[in-house]
Amino acid sequence: MDPHLLRTFTVVARLGSFSAAAQELGYTQSAVSQQVAALEADLGVPLLGRRPVAPTEAGARLLDHAGVLLTRLAAARADVVRVARTPVVRLVVGAGGCAFGPRAARALAQVRGAMPRVEVAVRGIERAAAVPAVVAGDVDAALVDGAVAPTDPLRLAQAEGLAVELVGEEPLAVMLPPGHPLAGRDALRLADLTDALWLDAPGAAVPLADLRAALPAAYPVGVPYAGGDARVLHELVAAGHGLAVLPRSAAGPRAVPLSAPHLVHRVELVRGAAAGPAAEAFAAELAAPR
């Protein structure tokens, strides 16, 4: 059924007059009569009595469906027009180490809810490659983390001209294997652990370079781990392959807080000055108080 003919039929049936329907629709009366006749010919049944103008039994049945059909057609048209007028927006977020946490996940959810046409992707990226990836446009924004003194910014090379914003800071904790002689302490000093075996896992824990910068020492490596899977890191620590420092929220309940030197896990968001509306919305959500 032609929706234009169906719409004309419903107006005639509602007004009970071909002339009144013609006036409302902006057609001539003969055009309205021709459209109703064409619909009747299509269905093979009379839909309207002429004197008086009233729906036949078949016409009444069609009216039961017509409202829903026309509403769905109008909704489909509006949806198609909306999609055509609203461009797809890309948001690719790079994240390395322990930089991507619950706050970032919630911020992405808020962006997706506010921008239905946004296409979001999260890409694992090494810390050293985060800023170059933003500069090259491979990612729209990058979350970078590290261990620094409270309120100190991360030392990010090549970040000139980029927007760098604080996402958050939290205390650090040391992951120890079960039964470790220091496991029962309330807090640990890094100076007490510099001769212990460490995991070299810059993609999953605080890099040893950050610890050496805070307290120069050897930090002998038990096992190097090049991946970013937190479960692998926990299993390596549990089996005694080395210690690791993580943000308190990611270290697990048996980890011991690091008391000295006074370091925090700091996360910063890096994005280009023209990163786009989705990256701006992501930054705004990260900055919103929680």
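Preceding this paragraph is the structure being described.
It should be emphasised that the depicted structure is a prediction, and the values quoted were computed from it without experimental measurement. Numbering of residues begins from 1 in every chain and follows the order in which that chain's sequence is written. For a predicted model such as this one, the threshold for reporting local features is a pLDDT of at least 70, and the threshold for listing and counting side-chain atom pairs is 80 or more; totals across whole chains, interfaces and linings nevertheless cover every residue. Side-chain measures here rest on the full set of heavy atoms in the structure, leaving out hydrogens and waters.

1. Quick look at the overall build of the chain
Alright, step 1. The numbering of helices and of strands both runs from the N terminus, where a helix is a DSSP run of H or I of at least 4 residues and a strand a run of E of at least 2. Secondary structure assignment for the chain yields 10 helices and 12 strands.
Alright, step 2. Each radius of gyration reported is based on C-alpha atoms, and the globular scaling rule is 2.2 Å times the count of residues to the power 0.38. Taking 2.2 N^0.38 as the reference for a compact globule, 290 residues should give roughly 19 Å; the C-alpha atoms of the chain span a radius of gyration of 33 Å, well beyond that estimate.
Alright, step 3. Referenced to the eigenvectors of the C-alpha coordinate spread, the extents of the chain come out at roughly 105 × 45 × 30 Å.
Alright, step 4. For every residue, the accessible area (1.4 Å probe, protein chains only) is compared with the maximum for its type, and the residue is labelled buried under 20%, exposed over 50%, or partly exposed between those bounds. Going through the 290 residues of the chain one by one, you find that 39% of them count as buried.
Alright, step 5. For the chain, long-range pairs separated by at least 24 residues make up 73% of all intrachain contacts whose partners lie at least 6 apart in sequence.
Alright, step 6. Of the roughly 15,200 Å² that the chain leaves accessible, carbon and sulfur atoms contribute 55%.
Alright, step 7. The chain carries 26 positive and 27 negative side-chain charges, and their two centres are separated by 6 Å. In what follows, a contact means two residues having at least one pair of non-hydrogen atoms within 4.5 Å. In these tables, accessible area is a Shrake-Rupley quantity obtained with a 1.4 Å probe, and a residue counts as shielded only by the protein chains included in the view. Charge assignment: positive for Lys and Arg, negative for Asp and Glu; neither His nor the chain ends contribute. We put the charge of a Lys on NZ, of an Arg on CZ, of an Asp on CG and of a Glu on CD.

2. With respect to a nonpolar patch on the surface
Alright, step 1. Residues qualify for a patch when their relative accessible area is over 30% and they have no salt bridge, like charges being joined within 9 Å and the nonpolar side chains of Val, Leu, Ile, Met, Phe, Trp and Tyr within 5 Å. Salt bridge criterion: a side-chain nitrogen from Lys or Arg within 4 Å of a carboxyl oxygen from Asp or Glu. Judged by side-chain polarity, Met1, Leu43, Val45 and Leu69 come together as a nonpolar surface patch covering roughly 310 Å² of accessible area.
Alright, step 2. Relative accessible area serves as the criterion here: at 36%, Leu69 is assigned to the partly exposed category.

3. Thoughts on the layout of surface pockets
Alright, step 1. Only protein atoms enter the 1 Å grid used here. Points where a 1.4 Å probe fits but cannot escape make up a cavity, open sets with protein on both sides within 12 Å along at least five of seven lines make up a pocket, and a residue lines them when an atom lies within 4 Å of a point. Grid points are joined across faces, edges and corners, and a volume is the space filled by probe spheres set on the points. Volume-wise, the largest pocket comes out at about 470 Å³.
Alright, step 2. Forming the walls of the largest pocket are 25 residues, and the residues nearest its centre are Cys98, Phe100, Gly101, Pro102 and Glu170.
Alright, step 3. When residues of the lining of the largest pocket are traced back to their parent elements, those giving at least two are helix H5 (102-114), strand S6 (163-175), helix H8 (230-238), strand S10 (244-247), helix H9 (248-251) and strand S12 (264-271).
Alright, step 4. In terms of residue class, the lining of the largest pocket is made up of 14 nonpolar, seven polar and four charged.
Alright, step 5. Estimated volume of the second largest pocket: approximately 360 Å³.
Alright, step 6. Taken together, 17 residues line the second largest pocket, and the ones lying closest to its centre are Arg127, Ala128, Val144, Arg155 and Leu156.
Alright, step 7. Listing elements by their share of the lining of the second largest pocket, those giving two or more residues are helix H6 (127-136), strand S5 (141-148) and helix H7 (208-214).
Alright, step 8. Here the lining of the second largest pocket gets five residues from one element, more than from any other, and that element is S5. When residues are grouped by polarity, Ala, Val, Leu, Ile, Met, Phe, Trp, Tyr, Cys and Pro land in nonpolar, Asp, Glu, Lys and Arg in charged, and all others, Gly among them, in polar.

4. With respect to the packing of aromatic side chains
Any two aromatic rings considered together are summarised by their centre-to-centre distance and by the angle between their planes.
Alright, step 1. Side-chain rings of Phe, Tyr and Trp, where Trp is taken by its six-membered ring, are said to pair if the distance between their centres is within 6.5 Å; with planes under 30 degrees apart they count as stacked, over 60 as edge-to-face, and otherwise as tilted. The final tally for this structure, using the stated rule, is one aromatic pair.
Alright, step 2. With a centroid separation of 5.8 Å and an interplanar angle of 65°, the aromatic rings of Trp198 and Tyr219 are classed as edge-to-face. Separated by 21 residues along the polypeptide, Trp198 in strand S8 (residues 198-200) and Tyr219 in the loop between H7 and strand S9 (221-224) bring together distant segments of the chain. Of the two residues, Trp198 and Tyr219, both sit in the buried class.

5. Comments concerning the pairing of strand S3 (residues 89-95)
Alright, step 1. The buried fraction of S3 is high, at six of seven residues.
Alright, step 2. Criterion used throughout: strands pair if DSSP finds at least two bridges between them. In the sheet, S3 pairs with strand S4 (residues 118-124) via seven bridges, with the strands oriented parallel. Considered in S4, the bridge of Val89 is made with Val118.
Alright, step 3. When the strands point away from the viewer and the path from the first strand over the helix to the second turns clockwise, the crossover is right-handed. Between S3 and its parallel partner S4, the chain crosses via H5, and the hand of that crossover is right-handed.

6. Things to note about the pattern of salt bridges
Alright, step 1. Applying the stated criterion across every chain, the model contains nine salt bridges.
Alright, step 2. Between Asp145 and Arg127 there is a salt bridge whose closest N-O contact spans 2.8 Å. Here the residue Asp145 occupies a position in strand S5, and Arg127 occupies one in helix H6, the gap between them amounting to 18 residues. Summarising the burial analysis for this pair, Asp145 and Arg127 share the class buried.
Alright, step 3. Across the pair Glu169 and Arg266 runs a salt bridge, and its minimum N-O distance is 2.7 Å. Of this pair, Glu169 sits in strand S6 while Arg266 sits in strand S12, and the two are 97 residues apart along the sequence.
Alright, step 4. Here Glu169 falls in the partly exposed class, since its relative accessible area comes to 34%.

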